[in-house]
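# Commentary on secondary and tertiary structure
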Amino acid sequence: MTNLASGVRLDACGKTFDDGTQALEPIDLEIAAGETVVLLGPSGCGKTTTLRIIAGLEQPDAGGRVWFGAEDVTALPIERRNVGMVFQSYALFPNMSVAGNIGYGLKVRRVEAAARSREVLRLLDMMHLSGMGERRVDQLSGGQRQRVALARALAVRPRVLLLDEPLTALDAKLRESLRIDIDRLLRTLGMTAVYVTHDQAEAMALGDRIAVMSHGRIAQIGTPQDIYYRPATEFVADFIGTMNRLPGQCHDGVLRVAGGSLPLPADGHGADHAMFRPQDGQIVAPGQGDLAGRIAAVFFLGNATRIIVELDDVQSVVVETGERRAFREGDRVGVRVDPGGIMTLRR
């Protein structure tokens, strides 16, 4: 497949609806050709509105511009932007076969029948659907239908592939399988892709970069590692994974908290709280850690054990460990925190 991928740039793209609701504050976003950017955030944060502006399904407010490469496409409708779209609901044609669905966009573009047939067969093979071309879509599983939807979007060789919560309707095991397949396809084809989700694991697995959105703004954009280990705000830290947050009083570079004290990072002078991920805590013998408490609950997760440690009547922390030793509820323990994992953030 010829790589026609375009970079995408949004300049001051906001969206205010007719009833006065501002769904999106003016944002700037640049996506390189061949890059996958995930728009991540809770419902109502503006991520789908951003996707629809890129697609041409919504027009940005006055002054906003949308660029595909060097081309200003702001005024172009979706049918002239050459984008592929994949939705949560599949949006397949029930009266067409699998092959008919995949080849529909090529037929509309008047691609001759033999070339269309070759492309459909190639995509069926790529999507692990060989031999299913003549089946009706209602004879397919949910995962197979989503593969057909993805094949249909790719058949027209789009400049940009847009995916709006495509895996939400599937069960957990199937989501994991399709997530791997989508990642493989995007990287093999060198597609420029914008992927909308509220699922943090999906975002981490698929995104070259993640744009975390909140209240119509981009709160932070960066690599998955940046977002996870170096969140810019407390919202980002709390939204991505589990975060321990302990209030306290600062004294000589140390934060005194429930159950002990934590060393503050160099940029944390004067902070009234400290935060750390569960993986940055370690259960140690009483008196040997930064914090002291009692094990309140233990959850075996398969790949790790999650331990809730009560520090006092109000505060508790979560520790995750790969250790195979037994942890018992009620035991007194210490919690040692990796100094490199301690952070203080603006609200």
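Residues numbered from 1 in each chain as written. Predicted model: local features only at pLDDT ≥ 70, side-chain atom pairs only at ≥ 80, totals over all residues. Heavy atoms only, no water.

## Details of the sheet that holds strand S1 (residues 8-16)
Ordered by their spatial adjacency, four strands build an open sheet running S2-S1-S4-S5, and the pairing between neighbours is antiparallel. The open sheet has two edge strands, strand S2 (22-31) and strand S5 (71-72), and neither has a second partner. The sheet contact formed by S1 and S2 spans six bridges and is antiparallel. Pairing of Thr-16 across the sheet is with Gln-22, part of S2. Those strands touched by helix H1 (residues 47-55) are S1, S2 and strand S4 (65-68), and its axis lies near 120° from that of S1. (Pairing = 2+ DSSP bridges. Helix = DSSP H or I, 4+ residues; strand = E, 2+ residues; numbered from the N terminus. Contact = heavy atoms within 4.5 Å. Axes fitted to C-alpha atoms, helices over the stretch in contact; angles between N-to-C directions.)

## Digging into empty space enclosed by the protein
Scanning all chains against the criterion turns up one cavity of 30 Å³ or more. Roughly 40 Å³ of volume is contained in the largest cavity. Surrounding the largest cavity, Val-86, Gln-146, Arg-147, Leu-150, Leu-163, Pro-166, Leu-167, Leu-178 and Ile-182 form its lining. Mapped onto the lining of the largest cavity, the elements with two or more residues apiece are helix H4 (142-155) and helix H5 (172-189). At three residues, the largest contribution of residues to the lining of the largest cavity is made by H4. In terms of residue class, the lining of the largest cavity is built from seven nonpolar, one polar and one charged. (1 Å grid on protein atoms, 1.4 Å probe; cavity = no way out; pocket = protein on both sides within 12 Å on 5 of 7 lines; lining within 4 Å. Points joined across faces, edges and corners; volume = space filled by probe spheres on them. Nonpolar A, V, L, I, M, F, W, Y, C, P; charged D, E, K, R; others polar.)

## Re helix H3 (residues 113-126)
The end-to-end C-alpha distance of H3 is 20 Å, a good match for the 20 Å that 14 residues give at a rise of 1.5 Å each. Among the residues of H3, Glu-119, Val-120, Leu-123, Leu-124 and Met-126 are the ones counted as buried. In an axial view of H3, the angular spread of the buried residues amounts to 160°, which keeps them on one side of the axis. For H3, exposure combined with an orientation more than 90 degrees from the buried face picks out Arg-118, Leu-121 and Asp-125. Structurally, the start of H3 carries an N-cap: the backbone nitrogen of Ala-114 is 3.2 Å from a side-chain oxygen of Glu-112. Count one or two residues on from H3 and you reach His-128, which has phi positive near 60°. (Expected span 1.5 Å × (residues − 1). Buried < 20%, exposed > 50% of the residue type's maximum accessible area, 1.4 Å probe, protein only. Arc of directions from axis to C-beta. Polar contact = N/O pair within 3.5 Å; in protein donor to acceptor, adjacent residues only side chain to side chain.)

## Quick look at the sheet that holds strand S7 (residues 160-164)
Read from one edge to the other, the open sheet built from six strands follows the order S6-S7-S8-S3-S9-S10, with strand pairing classed as mixed. Strands with a single pairing partner mark the edges of an open sheet, and in this sheet they are strand S6 (83-87) and strand S10 (217-222). When the angles between neighbouring strand axes are averaged without regard to direction, this sheet yields 15°. In terms of strand pairing, strand S9 (residues 209-214) meets S10 through five bridges, oriented antiparallel. Across the sheet, Ser-214 pairs through a bridge with Arg-217, a residue of S10.

## What to know about the pattern of salt bridges
In the structure shown here, the tally under the stated rule is 21 salt bridges. A salt bridge links Arg-147 to Asp-181; the shortest N-O distance between them is 2.6 Å. With Arg-147 in helix H4 and Asp-181 in helix H5, the pair connects residues that are 34 residues apart, well separated along the chain. Where Asp-208 meets Arg-187, a salt bridge forms, and the shortest distance between an N and an O atom there is 2.9 Å. Taken as a pair, Asp-208 in the loop between helix H6 (200-206) and S9 and Arg-187 in helix H5 lie far apart in primary sequence, 21 residues in all. Overall, the relative accessible area of 27% leaves Asp-208 in the partly exposed class. Salt bridges sharing common partners tie together Lys-15, Arg-52 and Glu-58. (Salt bridge = Lys/Arg side-chain N within 4 Å of Asp/Glu carboxyl O.)

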